[in-house]
Amino acid sequence: MRKAIFFDIDGTIWDKKQQIPDSTREAFQQMKHQGHYLFISSGRTRIFIPDQALMPLGFDGILAGCGTYGEFQGEVKFYHKIALEEIQRINDFLRSLGAAYILEGRYFLYLDEERFPKDSSFPQELKRDMGENMLRVTGNEDCLEVSKFCVNYLEDTKKQQELEHVLEPGYTVIHRGGNFMEIVPKGFHKATGIQEICRILGIAHENTYSFGDSTNDLDMLEYTAHSVAMGDGMQQAKEVAEYVTAPLWEDGIYLACKHYGLI
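Overview of the structure. (Residues numbered from 1 in each chain as written. Predicted model: local features only at pLDDT ≥ 70, side-chain atom pairs only at ≥ 80, totals over all residues. Heavy atoms only, no water.)

### Focus on the packing of helix H3 (residues 84–97) against helix H5 (residues 157–167)
Stated precisely, the cut-off is as follows: To obtain an axis, a line is fitted to C-alpha atoms, over the contacting stretch when the element is a helix, and the angle between two such axes runs from 0 to 180 degrees between their N-to-C directions. A helix here means a DSSP run of H or I that spans at least four residues, while a strand means a run of E at least two residues long, and both kinds are numbered starting from the N terminus. Orientation is classified from the angle alone, with under 35 degrees giving roughly parallel, over 145 giving roughly antiparallel, 65 to 115 giving roughly perpendicular, and any other angle giving oblique. Crossing handedness is defined as follows: a turn of the near helix away from the far one that is anticlockwise and smaller than a right angle gives a left-handed crossing, while the clockwise case is right-handed. Contact criterion: two residues are considered in contact whenever any of their non-hydrogen atoms come within 4.5 Å of each other. Charged residues are taken to be Asp, Glu, Lys and Arg, nonpolar residues to be Ala, Val, Leu, Ile, Met, Phe, Trp, Tyr, Cys and Pro, and polar residues to be all remaining types, Gly included.
For the pair H3 and H5, the least separation of the axes is 11 Å and the interaxial angle reads 165°. It follows that H3 is roughly antiparallel to H5 by the angle criterion. Where H3 crosses over H5, the handedness of that crossing is right-handed. Between H3 and H5, the contacting residues are Ile-90, Phe-93, Leu-94 and Leu-97 on the first element and Lys-159, Glu-162, Leu-163, Val-166 and Leu-167 on the second. Of the residues in the contact of H3 with H5, the class split is seven nonpolar, no polar and two charged.

Pasting the structure below:
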């Protein structure tokens, strides 16, 4: 029976240096040989998912932007973006807080480098990776194409509380550790993306599996029929997953696929 298997990227498929264990590559190859569907399921928006590094692993589809975008075999199946007037309102609010943030869309990422702490290397690293697909927020306010956003730095606790209070009616704020917050329109998360793509493709729920390591994977891990948390992942992920595997570099994905008979 063909299964649909959904994988987070960062901390699950690869490490902070974007290195992938050979055992993970072998697991993907064997699952493809078995005829299973393989999907990326990422908080990254589509433009921030590097095809050259990941698609040769054998993925059939991509769910991106925490469930706001889905494609299968290169064809876009759904995409939900924030209305321009709404993201302009959000942008003005984040500026008023003095936040360092990234607006994320299907085609571009938007970031003003000067809003980040001077000792942060993140903007330069992102610019190196994204090239012409990273634009400034300033000067592009009239053409922002955004499905989610992240606040990377907001030092003052009272301002963090204000952010959550103001955004709570329409957005889910996911705390990723430290000052890093991932913010997604309510009604969208990795589980809704999986549910939608499975509905489109006619995949039964009992044939769904997910692999993750972080707080933005919780909905996905709770939703799929079977779920795996990486052994070196966050405790919250381990608490909701059906199975906790070994760490990424200790053949975590390969061993979990063996456990479930996927290879």
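### Quick word on the sheet that holds strand E12 (residues 208–212)
Selection rule: The pairing criterion for strands is at least two bridges between them, as found by DSSP.
Taken in spatial order, the eight strands make up an open sheet running E5-E4-E3-E2-E1-E12-E13-E14, and their pairing is mixed. The sheet is open, and its two borders are formed by strand E5 (75–79) and strand E14 (243–244), each paired with just one other strand. Note: E12 against strand E13 (residues 226–229), four bridges, orientation parallel. Among the inter-strand pairings, Ser-210 is bridged to a residue of E13, identified as Ser-227. In the packing of helix H6 (residues 190–201) onto the sheet, contacts are made with strand E1 (4–7), strand E2 (37–41), strand E3 (61–64), strand E4 (69–72), E5 and E12, and the angle to E5 comes to roughly 130°.

### Thoughts on the sheet that holds strand E6 (residues 100–104)
A sheet is described by the order of its strands in space; here six strands give the open sequence E8-E7-E6-E9-E11-E10, paired in mixed fashion. Each having just a single partner strand, strand E8 (134–135) and strand E10 (171–175) make up the two edges of the open sheet. The pairing of strand E9 (residues 148–153) with strand E11 (residues 181–185) spans three bridges and is antiparallel. Note that in E11 the partner of Val-151 across the bridge is Met-181. Along the sheet face, H3 touches E6, E9 and E10 and points at about 165° away from the line of E6. Its contacts with the sheet put helix H4 (residues 122–130) on E6, strand E7 (109–111), E8 and E9, and the angle it makes with E7 is roughly 150°.

### As for the nonpolar core
Rule in force here: Among the buried residues, those of types Ala, Val, Leu, Ile, Met, Phe, Trp, Tyr and Cys that are joined through side-chain atoms within 4.5 Å form a nonpolar core. The buried label applies to any residue whose accessible area, calculated with a 1.4 Å probe on protein chains only, is under 20% of its type's maximum; exposed applies above 50%, and partly exposed to all values in between.
Residues Phe-7, Met-31 and Leu-54 are the most contacted members of the largest nonpolar core, which totals 29 residues. At the level of secondary structure, the elements contributing two or more residues to this core comprise E1, helix H1 (22–33), E2, E3, E12 and helix H9 (252–259). Excluding its chain neighbours within four sequence positions, the residues that come into contact with Leu-54 are Ile-9, Ile-13, Trp-14, Ile-20, Ile-40, Ile-49 and Phe-59. With 22 residues, the next largest nonpolar core counts Ile-87, Leu-94, Leu-144 and Met-181 among its residues.

What is shown is where atoms sit, not what they do.
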